[in-house]
Amino acid sequence: MSENDSNNTTVKKTFEANISELMNMIIHSFYSNRDVFLRELISNASDAIDKQRHTDLQNGVVDKSYEIRIDPLSKEGCIVIEDDGIGMNEDDLVRNLSTIATSGTKEFVRNLQEKSDMIGQFGVGFYSAFLVADRVDVITRKQGGALMKWSSDANEFYTLETLTEGEETEFPSNGTRIILLLKEDAKEYLEEASLRRIITRHSSFIQHPLSLYCKKTVTTPVASDEAKGEEEEVLEEEEEEMEEGSDKPVVEEVKVEEDTSKAESKTDTTPKTITTTTQEWEKLNGGPPLWYKNASEIEGKEPYHALYKTISNDYTEPLYWNHFQTEGNYEFRGILYIPSKMPFDMLGDRNREKRNIRLYVKKVLVLNELDKEMLPDWMNFVSGVIDSADLPLNVSREMLQQNKIVRALKTQLKKQVMKMLTEVAADEETYAKFYENFHRHIKLGIHEGDNSLLSFLRLKNNKTEGVMTLDGYVAEHRVSEEQKAVYYITGTVPPQENAIARLYTEKGYCVLYFDEPIDEFMLQRLSKFKEYDLVNITKDHVTPWAPNEETDTEEEKNTLESFLGWAKKTLDGVDSDVDSVKRSNKLVLESDPPLAVLSSKWGWTGQMEKIMQSQPLSDGKSMSYMKGKRIVELNTEHTVIKSLLDKYSTTPEEEKDAVCKDRLLLLYRCGLLVGGYPISNANDLVNGVYSALSVDASVV
Ligand code: ADP
């Protein structure tokens, strides 16, 4: 909605609902850290300069200087932040400052709503200006475009105005001036000391010159007869220099005092002092960017944290970073970060098209985000900057798809992430934090075929309290040198409760336990760790111990054989996935379950079948070839199986089905349930239980 003010060119518009909500939250939140507003605005100014510089360089303009200026003095109660950056035209102002473009940001606002007490800690970009200001004016111009003014009082409206030259103070050919009318309780931000503190703390890494307009008091001794003349001269200068737009210091006050320390002197040449208060621009930074310095030159963590916060939009400190410089065919410098938590914005989205890594060429920003191809999917949590000395400044996205240096860049990025990961893994405590948040990424990487990540897994097991590595398993937890396999189970039943895992435990074997859905996907791709087979013991496999000696009589053998044949035929009638029915050499004790359903070696586990079935977009039928065949193992030592065999052998052929079928099906369905398989019709199972209970009841 917009409405024209008939007297001038001011247009009043309504903010998008999301922005109003966001501003409302900002204004009413109980914030603990309002300082962030300056970091956000300085970082926007720096980005805008990066963009302008890039454009200038592409047009062959190389000798321009760019600056960020912060002025708390010239406008009553206001702090003015100005940059020589790219500026904004009308469309930009509407799009960038008045709508929330990305769904990621919308998500972010939603999350903020839930955690509004923490708002002061979040980087909410431009809008954080409203943490300290009642009103924000943005005066801005894109090269060759009109001078525009955007204003908001933090209500649901904003105004847009095309300014005529001279209406505002002289304005550069391009750039942005942001004027914050500070809230009553935010006047501290007019104080030089506060501004210096915040800039040093949060923005010292900004590579563009940043100047603060501040008061300077200079006391100089003068001979007394010179003092008067000096005073007059300075005051004359003051008038000249107060002219707007002058870069020279503005003289505010001149005081001439007798120097009392030298009061004994009575001659005309008694030394006096002249105190001059001037206002002048002081350059606060402008050194090389953080990644151009040596890590050893950087004091403390603050500069790294500050850079991270502006790149990542994450309000928490990063978990770890890698500041690197590489030499060789191509030279790269950079700083890559691992967040301390899985960010709740789009970083978590595996399908995101971009990676949160800025590409610089010799300190000039050329891309704000790298395309996703530059870093494997599983590394999408990494953010940072990389600077290449070898790429041309006018590098385009198309070039980035072919260039040899880009291939080197890609390799280097991956190498540096791996280096960082290896360093994190060396510290158990830090790695535990990382793993808690990012284990799925590691597993995704393995699923994508990167076996070098296997050593980064931390696995639950039946031997140790905590987790262990695969290297730890093979080095310390094999029963003997002869053990050439790593045994594991998947699913929701821990090894202590899984009958087959219990058997392995009793025999001294270490059994790993994978209980996350993503583990199933990862393990699908995995059959070996180093020279060791990875064996899921709930699938069909050969046990590492010899089967029990068979002590059956010839008659028992015949009965069993006939029963197994009948059972297979009977189960085939209800489930086409049954591959075989056999006597178990794993369930051998009376106390073990009577029956287990295992999946075939290369098929899905029951758990995986269940996961695939619950995928909202999966077409169960088209994937059915991946379903494992089911192997039904019977525990012939269990009383229930013994009695079933007995019933079977004593029942005439034509009555076997009527007498034995229900029991077999009930046992099978219980086996499916315990094995983690989906039950296609719960009624079948439940009716079986009811009918067994009624037999029981009728006996009683
Ligand atoms: P972000 O910087 O994370 O994109 P902001 O809310 O801080 O989010 O800013 C929104 C957009 O407004 C920026 O992406 C940029 O396009 C534009 N913008 C903000 N400040 C400036 C500025 N000083 N000069 C030019 N454009 C700016």
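If you're wondering where the values come from, they're calculated on a predicted model, not measured in any experiment.

Another aspect to go through is the sheet that holds strand β22 (residues 528–529). Taken in spatial order, the five strands make up an open sheet running β19-β21-β20-β23-β22, and their pairing is mixed. Strand pairing shows two members of the sheet lacking a second neighbour, β19 (460–461) and β22, which therefore form its edges. Two elements, β22 and strand β23 (residues 532–536), share two bridges in a ladder whose sense is antiparallel. From the neighbouring strand, Phe529 faces β23, where its bridge partner is Tyr532.

Let's shift gears to the nonpolar core. The biggest cluster of nonpolar side chains holds 75 residues, and the ones touching the most others in it are Phe434 and Ile442. Element by element, the count of residues in this core is highest for helix α9 (residues 404–425), at 10 residues. Built from parts of two domains, this core gets at least three residues from each of domain 3 (291–430) and domain 4 (459–536). For Phe434, the residues in contact, after removing those within four places along its chain, are Leu319, Ile338, Phe381, Leu421, Val424, His439 and Ile442. Counting residues in hydrophobic clusters, the runner-up holds 46 residues, among them Ile42, Ala45, Ile70 and Phe126.

Backbone geometry at Ala154 places phi at a positive 70 degrees, although glycine is not the residue there. Its location among the elements puts Ala154 in the loop between β6 (147–152) and β7 (157–163). The class for Ala154 is buried, based on a relative accessible area of 18%. With phi around 50 degrees, Lys530 is a residue other than glycine that occupies positive phi space.

Okay, the packing of aromatic side chains next. A ring pair, where both rings are aromatic, is described by two values, the distance of the centres and the angle of the planes. One pass over the structure, following the stated rule, counts 26 aromatic pairs. Between Tyr308 and Tyr337 the ring centres are 4.9 Å apart and the planes differ by 50 degrees, which places this aromatic pair in the tilted class. Note that Tyr308 is positioned in helix α7 (residues 302–312) and Tyr337 in strand β13 (residues 332–339), a separation of 29 residues in sequence. Residue classification places Tyr337 among the buried positions, given a relative accessible area of 0%. Judged by centre distance (5.2 Å) and plane angle (85 degrees), the rings of Phe563 and Tyr648 are edge-to-face. Within this pair, whereas Phe563 is found in helix α14 (residues 554–572), its partner Tyr648 is found in helix α16 (residues 639–650), the two being separated by 85 residues in sequence. Judged by its relative accessible area of 1%, Phe563 falls in the buried class. Tyr648 gets classed as buried once you look at its relative accessible area, which sits at 3%. Through successive ring pairs, a cluster of aromatic residues spans Phe381, Tyr431, Phe434, Tyr435, Phe438 and Phe456. Here the basic side chain of Arg333 rests over the ring of Tyr292, its NZ or CZ set 4.2 Å away from the ring centre.

Note on placement: Gln52 falls in helix α2 (residues 36–58). Look at Gln52 and you get buried, because its relative accessible area is 2%. One polar contact links Gln52 to Gln143, side chain to side chain, over a distance of 3.1 Å. Once residues lying within four places of it in the same chain are set aside, the contact partners of Gln52 are Lys64, Tyr66, Asp84, Gly85, Ile86, Gln143 and Asn174.

Residues Val11 and Lys13 point to one face of strand β2 (residues 11–14) and are all buried, whereas Lys12 and Thr14, pointing to the other face, are not buried. Note: β2 against β7, four bridges, orientation antiparallel. For Lys12, the partnering residue across the bridge sits in β7 and is Thr159.

Before going further, it helps to examine the environment of Asp579. Residue placement: Asp579 occurs in strand β24 (residues 578–583). For Asp579, a relative accessible area of 41% gives the class partly exposed. When the C-alpha atoms of Asp579 and Arg630 are compared, they prove to be 5.3 Å apart, with 51 residues separating the residues in sequence. Not counting residues within four places of it along the chain, the set of residues in contact with Asp579 comprises Lys568, Lys629, Arg630 and Ile631. A distance of 3.4 Å separates a polar atom in the side chain of Asp579 from a polar atom in the side chain of Ser580.

This next bit is on the sheet that holds β24. Judged by pairing direction, the sheet is mixed, and its three strands sit side by side in the order β24-β26-β25 without closing on themselves. In this open sheet, the two edge strands, each paired with only one partner strand, are β24 and β25 (595–599). Averaged over all pairs of adjacent strands, the angle between strand axes in this sheet comes to 20 degrees, irrespective of strand direction. With five bridges connecting them, β25 and strand β26 (residues 630–634) associate as antiparallel partners. Residue Leu595 lies in a different strand from β26, and its bridge partner there is Leu634. Its contacts with the sheet put helix α17 (residues 656–674) on β24, β25 and β26, and the angle it makes with β25 is roughly 55 degrees.

The next point concerns a nonpolar patch on the surface. On the surface, a nonpolar cluster with roughly 300 Å² of combined accessible area is contributed by Val689, Tyr690 and Leu693. With respect to the element layout, Leu693 can be found in helix α18 (residues 682–699). When its relative accessible area of 52% is taken as the criterion, Leu693 is described as exposed.

Taken together, Asn44, Ala48, Lys51, Asp83, Met88, Asn96, Leu97, Gly125, Phe126 and Thr176 make up the full set of residues adjacent to the ligand. At a separation of 2.9 Å, a nitrogen atom of the ligand approaches a polar side-chain atom of Asp83. A distance of 3.1 Å separates an oxygen atom of the ligand from a polar side-chain atom of Asn96. Contact with the protein chains removes 75% of the 530 Å² of surface that the ligand exposes when unbound. Secondary-structure elements contributing two or more residues to the shell around the ligand are α2 and α3 (90–98).

Tallied over the full model, the rule gives 38 salt bridges. A salt bridge links Asp153 to Arg135; the nearest nitrogen and oxygen atoms lie 2.8 Å apart. Of the two residues, Asp153 sits in the loop between β6 and β7 while Arg135 sits in strand β5 (residues 133–141), which places them 18 residues apart along the sequence. Here Arg135 falls in the partly exposed class, since its relative accessible area comes to 28%. Here Glu282 ties to Lys216 by a salt bridge, and the two come within 2.9 Å at their closest N and O atoms. Placement of the pair is Glu282 in strand β11 (residues 271–283) and Lys216 in strand β9 (residues 210–223), with a sequence separation of 66 residues. For Lys216, a relative accessible area of 25% translates into the label partly exposed. Salt bridges linked by common partners bring Glu67, Arg69, Glu82, Asp84 and Arg177 together as one network.

The rules behind the values
- Residues numbered from 1 in each chain as written.
- Predicted model: local features only at pLDDT ≥ 70, side-chain atom pairs only at ≥ 80, totals over all residues.
- Heavy atoms only, no water.
- Pairing = 2+ DSSP bridges.
- Helix = DSSP H or I, 4+ residues; strand = E, 2+ residues; numbered from the N terminus.
- Core = buried A, V, L, I, M, F, W, Y, C linked by side-chain atoms within 4.5 Å.
- Buried < 20%, exposed > 50% of the residue type's maximum accessible area, 1.4 Å probe, protein only.
- Domains from an automatic or database assignment.
- Contact = heavy atoms within 4.5 Å.
- Phe/Tyr/Trp six-rings, centres within 6.5 Å; stacked < 30°, edge-to-face > 60°.
- Lys NZ or Arg CZ within 6 Å of the ring centre and 35° of its normal.
- Polar contact = N/O pair within 3.5 Å; in protein donor to acceptor, adjacent residues only side chain to side chain.
- Axes fitted to C-alpha atoms, helices over the stretch in contact; angles between N-to-C directions.
- Patch = residues over 30% accessible without salt bridge, like charges linked within 9 Å, V, L, I, M, F, W, Y side chains within 5 Å.
- Areas by Shrake-Rupley, 256 points an atom, 1.4 Å probe, with all protein chains shown as cover.
- Salt bridge = Lys/Arg side-chain N within 4 Å of Asp/Glu carboxyl O.
- Near = heavy atom within 4 Å.

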